[in-house]
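# Architecture and fold: a report
Each chain, written out:
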Amino acid sequence: PPWHGPPLDAWTTSLDRDAFCAGVTAIRSAIAAGDVYQVNLTRRLSAPLAPGADIAALGAALGHGNPAPYSAVVRLPSVGCHVASASPERFLRRDGDRVASSPIKGTAPDPASFLPKDRAENVMIVDLVRNDLGRVCEWGSVAVPALCAVEQHPGLVHLVSTVTGRLRPGVTWGDIVAATFPPGSVTGAPKLAALDHIARLEPASRGVYCGAVGWVDAGAGQGELNVAIRTFWVEDGRLH
């Protein structure tokens, strides 16, 4: 069936304008004090889910109106998992002993509109991803074959970099995720310090948002995970 979303006035937010601005002020103070370079502050929007609404219909609507290279629909009613993602960002790709991540930092209406801040932010997260992959990759194998490449998406452009590496012998998917999760582009840097600030400033759990959705074939040593941004999920009868 077609997707019919909640009316605009049904949405509520986990952080209203004043609370969000107060969070930004706290982050700026932390940056000035040298605690962090960046913290990615988010808020959760929620609305009642219409009776009979199907996450697959929302996924189809997103695919039509906002096609994305790492889009995903996960519909597992038996375990209460309903997710529709229009993610443009690759978190991890593995093919045997090769692994890659493609963080996005920098968004503009056209390539001429990028600011120096966009490139600086992208390079900062590339360094973070290099460090994360370096924990599971062979020494000297981590490389950046693409830095701040311009990628076209519906209605906007992104700066996308790619970091690659060769995994050490015996490294498992669990090891890779433990070394790299959550994605640095949606946390900030340094990652652990940014996560501490996020835990203090965000009153609602992110849930699947800013996590990852994808597929893994552990036996074949292959798989691909997105960064779960531009993502909806259902929980307790509400759409988030």
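What comes next concerns the included structure. (Residues numbered from 1 in each chain as written. Predicted model: local features only at pLDDT ≥ 70, side-chain atom pairs only at ≥ 80, totals over all residues. Heavy atoms only, no water.)

Bringing the sheet that holds strand E4 (residues 70-76) into the picture now. Strand order across the open sheet formed by six strands is E1-E3-E15-E14-E5-E4, with antiparallel pairing between neighbours. Looking at which strands have only one partner, the edges of the open sheet turn out to be strand E1 (12-13) and E4. Pairing analysis gives two bridges linking strand E3 (residues 45-48) to strand E15 (residues 238-239), with the strands arranged antiparallel. Paired with Ala47 across the strands is Leu239, a residue of E15. Taken strand by strand, helix H2 (residues 55-65) contacts E4, strand E5 (81-87), strand E14 (231-235) and E15, and its axis lies near 5 degrees from that of E5. (Pairing = 2+ DSSP bridges. Helix = DSSP H or I, 4+ residues; strand = E, 2+ residues; numbered from the N terminus. Contact = heavy atoms within 4.5 Å. Axes fitted to C-alpha atoms, helices over the stretch in contact; angles between N-to-C directions.)

Moving on to the nonpolar core. Among the nonpolar cores identified, the biggest contains 22 residues, and Leu92, Val99, Val129, Leu133, Val136, Cys137 and Leu167 are the most heavily contacted of them. Where this core is concerned, the elements lending two or more residues are strand E6 (90-95), helix H3 (116-134) and helix H4 (173-180). Of the residues forming this core, the biggest block, five residues, is contributed by H3. When residues no more than four places from it in sequence are discounted, the contact partners of Leu133 are Leu92, Val99, Val142, Val163, Thr164 and Thr180. (Core = buried A, V, L, I, M, F, W, Y, C linked by side-chain atoms within 4.5 Å. Buried < 20%, exposed > 50% of the residue type's maximum accessible area, 1.4 Å probe, protein only.)

Looking now at the pairing of strand E12 (residues 214-217). Remark: a regular strand shows side chains that alternate across the two faces of the sheet. The pairing of E12 with strand E13 (residues 222-226) spans four bridges and is antiparallel. Counterpart to Val216 in the pairing with E13 is Gly223. In this structure, the hairpin formed by E12 and E13 is closed by a connection of four residues, where Gly221 is found at a positive phi of approximately 65 degrees.

Summarising the sheet, E6 and strand E7 (residues 98-102) pair through four bridges and their orientation is antiparallel. Across the sheet, the residue bridging to Arg90 is Ser102, located in E7. Counted along the chain from E6 to the antiparallel partner E7, the turn is two residues long, and its residue Gly96 has a positive phi close to 65 degrees. Examined bridge by bridge, E6 and E13 share five bridges and lie antiparallel to one another.

This brings us to the packing of aromatic side chains. Going through the model one piece at a time under the given rule, you end up with one aromatic pair. The lysine or arginine in question, Arg168, covers the ring of Trp139, its NZ or CZ lying 5.4 Å from the ring centre. (Phe/Tyr/Trp six-rings, centres within 6.5 Å; stacked < 30°, edge-to-face > 60°. Lys NZ or Arg CZ within 6 Å of the ring centre and 35° of its normal.)

Turning our attention to unusual backbone geometry. Backbone torsion omega between Phe181 and Pro182 reads -5 degrees, so that peptide bond is classified as cis. Considering the arrangement of structural elements, one finds Pro182 in the loop between H4 and strand E11 (188-189). One non-glycine residue with positive phi stands out, namely Cys148, at about 55 degrees. By the element assignment, Cys148 lies in strand E9 (residues 143-153). By relative accessible area, which is 10% here, Cys148 ends up buried. Of note in this structure, Asp236 is not a glycine but carries a positive phi near 55 degrees. With respect to the helices and strands, the residue Asp236 is situated in the loop between E14 and E15. Using a relative accessible area of 74% as the deciding quantity, one classes Asp236 as exposed.

Shape descriptors only; they carry no functional weight alone.
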